[in-house]
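# Secondary and tertiary structure notes
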Amino acid sequence: MSTAFSLAPLFRSSVGFDRFNDLFETALRNEPGSSYPPYNVEKHGDDQYRIVVAAAGFQEDDLDLQVEKGVLTISGGKRDTDENVTFLHQGIAQRAFKLSFRLADHIEIKAADLRNGLLSIDLLRVVPEEAKAKRIPINGAQQAVLQ
């Protein structure tokens, strides 16, 4: 029996930050159906991220992206099929889905693109100057004397 503990499930629904409390809450929440559709969360550089959702069988009109209170929600509705079609085998799932990703502060959605059955959402961290870390100079012995 393996005693290795993988943190990979913790990083599936958070993009752009490392807040372990939120990550553990998400991992412990056992949401049914959270594995459909499959998706990747990719990091491209220090401030660039991409979420890629396998949306086979969906068209742009079938998908909806919304950001509200720092949560990106991707949902897809069930597509209407031709009533004259009888499936002998239906291996391409076309059921409705809803994925949610908690975004860190200063993460902006830059673009979304549906190509070859993959929905790609590009994210960028834009930190304003006042929120960036600042280096505080330490005065030397010569300047430390106050007048």
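Residues numbered from 1 in each chain as written. Predicted model: local features only at pLDDT ≥ 70, side-chain atom pairs only at ≥ 80, totals over all residues. Heavy atoms only, no water.

## Description of the overall build of the protein
Across its full length, the protein holds 1 helix and 8 strands. Along the protein, from the amino end to the carboxyl end, the secondary structure elements read β-α-β-β-β-β-β-β-β. Counting only residues that meet the buried cut, the protein has 23% of its 147 residues in that class. Across the protein, contacts joining residues at least 24 apart in sequence account for 55% of those joining residues at least 6 apart. With an accessible surface of roughly 11400 Å², the protein has 49% of that area assigned to carbon and sulfur atoms. (Helix = DSSP H or I, 4+ residues; strand = E, 2+ residues; numbered from the N terminus. Buried < 20%, exposed > 50% of the residue type's maximum accessible area, 1.4 Å probe, protein only. Contact = heavy atoms within 4.5 Å. Areas by Shrake-Rupley, 256 points an atom, 1.4 Å probe, with all protein chains shown as cover.)

## Regarding the environment of Glu-108
Position of Glu-108 relative to the elements: it lies in strand 7 (residues 107-115). Expressed as a C-alpha distance, the spacing of Glu-108 and Asp-122, which sit 14 residues apart in the sequence, is 8.6 Å. Sequence-distant contacts of Glu-108, defined by excluding residues within four places in its chain, comprise Asp-122, Leu-123, Leu-124 and Val-126.

## Side note on the sheet that holds strand 2 (residues 39-43)
Pairing is antiparallel across the open sheet formed by 4 strands, whose spatial order is 2-3-8-7. Each having just a single partner strand, strand 2 and strand 7 make up the two edges of the open sheet. Across this sheet, the average inter-strand angle for adjacent strands is 15°, counted without regard to direction. Pairing geometry for strand 2 and strand 3 (residues 48-54), over 5 bridges, is antiparallel. Bridged to Glu-42 within strand 3 is Arg-50. (Pairing = 2+ DSSP bridges. Axes fitted to C-alpha atoms, helices over the stretch in contact; angles between N-to-C directions.)

## Points about the pairing of strand 8 (residues 118-125)
As judged from the 7 bridges shared by strand 3 and strand 8, these two strands associate in the antiparallel manner. Considered in strand 8, the bridge of Gln-48 is made with Leu-124. Relative to strand 8, strand 7 is paired through 8 bridges, and the arrangement is antiparallel. Of the residues in strand 8, the one forming a bridge with Ala-111 is Asp-122. The antiparallel pairing of strand 7 with strand 8 creates a hairpin that spans 2 residues between the two strands, and Asn-116 there sits at a positive phi of about 55°.

## Structural notes on the packing of aromatic side chains
In this structure the tally under the stated criterion is 3 aromatic pairs. Aromatic pair Tyr-39 and Phe-101: ring centres 5.2 Å apart, planes at 90°, arrangement edge-to-face. One end of the pair, Tyr-39, is in strand 2; the other, Phe-101, is in strand 6 (residues 97-103), with 62 residues separating them in the sequence. Ring centres 5.4 Å apart and planes at 85° place the aromatic pair Phe-58 and Phe-97 in the edge-to-face group. Of the two residues, Phe-58 sits in the loop between strand 3 and strand 4 (63-68) while Phe-97 sits in strand 6, which places them 39 residues apart along the sequence. (Phe/Tyr/Trp six-rings, centres within 6.5 Å; stacked < 30°, edge-to-face > 60°.)

## Some thoughts on the nonpolar core
Formed by 18 residues in total, the largest nonpolar core has its most connected members in Ile-51, Leu-72, Ile-74, Phe-97, Ile-121 and Leu-123. Discounting residues that sit within four places of it in the chain, Leu-72 has contacts with Ile-51, Gln-66, Val-67, Leu-99, Ser-100, Phe-101, Leu-103, Ile-109 and Ile-121. (Core = buried A, V, L, I, M, F, W, Y, C linked by side-chain atoms within 4.5 Å.)

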